[in-house]
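Structural characterization, general
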Amino acid sequence: MLDKYENAMRSALEVAHEALASDDVPVGAIILDEHGNQVASGFNRREVDHDPTAHAEIVALREAAELAGDWRLDNHTLVVTLEPCAMCAGAIAQSRIKTVVFGAWDEKAGAVGSVWDVLRDPRSPHRTEVIAGVLEEECAAVLNEFFQKFRGRK
C-alpha cells in the first residue's frame, strides 16, 4: 500500500519546499481525486498570510473544495508530509476526505495516531482511512533540516 502513494508523496515534498521561501515550516499537501489525479496542493502559509489556520492541509482543502464546488470531498485522498494536527484532522473529518496519507509522525502535536487519533475515534460520525509512514525518512529529513537551520539563527 505504501508504494501506491510514493509518487504522490514526492509531489507533496516538492510543494513543502515552497514554504521555505517564507521561512515557514516545510509541510506540503496535495489532494487526489477518485482517479488519483492531483486536484489541489498547499504548503504552510502561516508566515506569509499571518494566519494561524494556514496549514498545508487547510490550504489544499480550500483549493480542492473551490475546484469541486462543494465542501464534501468524499472520494478524495489527502497526501501530506507531516501527520496532521488536531485542527487539520478536524477539517479533514468535516470535509469527508476518504483517505489520509502522511509521511513523518508528529510526536508533539499529531492527531492522526501519535498524540491523538481524531480521524479514527469511534465516537466520530465519519471514518477516514489513514496510511502512515510513506517516505517517512525523506519527510522527516526536510523538517529536521529546517529546524536545525531555524534554531541556528536564534
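The text that follows walks through the structure, step by step, so that each part is easy to find. (Residues numbered from 1 in each chain as written. Predicted model: local features only at pLDDT ≥ 70, side-chain atom pairs only at ≥ 80, totals over all residues. Heavy atoms only, no water.)

A short note on the overall build of the protein
For the record, the criterion: Helix and strand assignments follow DSSP, with helices taken as H or I runs no shorter than four residues and strands as E runs no shorter than two, numbered in order from the N terminus. This radius of gyration counts C-alpha atoms alone. The globule rule is 2.2 Å times how many residues there are, raised to the power 0.38. Burial classes: relative accessible area under 20% of the type maximum marks a residue as buried, over 50% as exposed, and values in between as partly exposed (1.4 Å probe, protein chains only). Residues are treated as being in contact if the distance between any of their heavy atoms lies within 4.5 Å.
If you tally the helices and strands in the protein, you get 5 helices and 5 strands. A globule of 154 residues ought to have a C-alpha radius of gyration of about 15 Å, and the protein, at 14 Å, matches this closely. For the protein, with 154 residues in total, the buried portion stands at 48%. If you take every contact in the protein between residues at least 6 apart in sequence, the share linking residues at least 24 apart comes to 56%.

Focus on the pattern of salt bridges
Applied cut-off: Here, a salt bridge means any Lys or Arg side-chain nitrogen found within 4 Å of an Asp or Glu carboxyl oxygen.
Inspection of the entire model under this criterion finds 7 salt bridges. Across the pair Arg46 and Asp24 runs a salt bridge whose closest N-O atoms are separated by 3.2 Å. One end of the pair, Arg46, is in helix α2 (residues 46-49); the other, Asp24, is in the loop between α1 (6-18) and β1 (28-32), with 22 residues separating them in the sequence. With relative accessibility at 0%, the residue Asp24 sits in the buried group.

Digging into the packing of aromatic side chains
The way to describe two aromatic rings as a pair is by their centre distance and the angle between their planes. Rules: A pair of Phe, Tyr and Trp rings is counted when the ring centres sit within 6.5 Å of each other, with Trp represented by its six-membered ring. The angle between the planes then sorts it: under 30 degrees is stacked, over 60 is edge-to-face, the rest tilted.
In the structure shown here, the tally under the stated rule is 2 aromatic pairs. On the numbers, 5.1 Å between centres and 75° between planes, the contact of Phe146 with Phe147 is edge-to-face.

Brief notes about the sheet that holds strand β2 (residues 38-43)
As a reminder of what qualifies: One requirement defines pairing of two strands: DSSP has to find at least two bridges between them. To get an axis, a line is fitted to the C-alpha atoms, and for a helix only the part in contact is used. The angle between two axes follows their N-to-C directions and goes from 0 to 180 degrees.
If you trace the 5 strands from one edge of the open sheet to the other, you get β2-β1-β3-β4-β5, paired in mixed fashion. For this open sheet the edge positions go to β2 and β5 (129-132), each flanked by a neighbour on one side alone. Each adjacent strand pair in this sheet contributes to an overall mean axis angle of 15°, direction not counted. For β1 and β2, the ladder comprises 5 bridges, and the chain directions are antiparallel. From the neighbouring strand, Ile31 faces β2, where its bridge partner is Ala40. Those strands touched by α1 are β1, β2, β3 (77-82) and β4 (99-104), and its axis lies near 135° from that of β1. Strand contacts of helix α3 (residues 56-68): β1, β2 and β3, with the helix running at about 145° to β2, the strand carrying the most contacts.

Points about the nonpolar core
Note the cut-off: What is meant by a nonpolar core is a set of buried Ala, Val, Leu, Ile, Met, Phe, Trp, Tyr and Cys residues, joined one to another through side-chain atoms within 4.5 Å.
Residues Met9, Val79 and Leu119 are the most contacted members of the largest nonpolar core, which totals 43 residues. Sort the elements by how many residues they give to this core and α1 lands first, with 5 residues. Discounting chain neighbours no more than four positions away, the residues touching Met9 are Val79, Val80, Thr81, Val101, Phe102, Gly103, Val134, Leu135 and Cys139.

Section: unusual backbone geometry
One non-glycine residue, Asp23, lies in positive phi territory at about 60°. Here the phi dihedral of Leu135 falls at roughly 50°; this positive angle occurs in a residue that is not glycine. Within the fold, Leu135 resides in the loop between β5 and α5 (136-153).

Describing the side chain of His55
Inspection of the secondary structure assignment puts His55 in the loop between α2 and α3. Sequence-distant contacts of His55, that is, excluding residues within four places in its chain, are made with Asn44, Arg46, Cys85, Met87 and Cys88.

Purely geometric stuff here, so don't read any function into it on its own.
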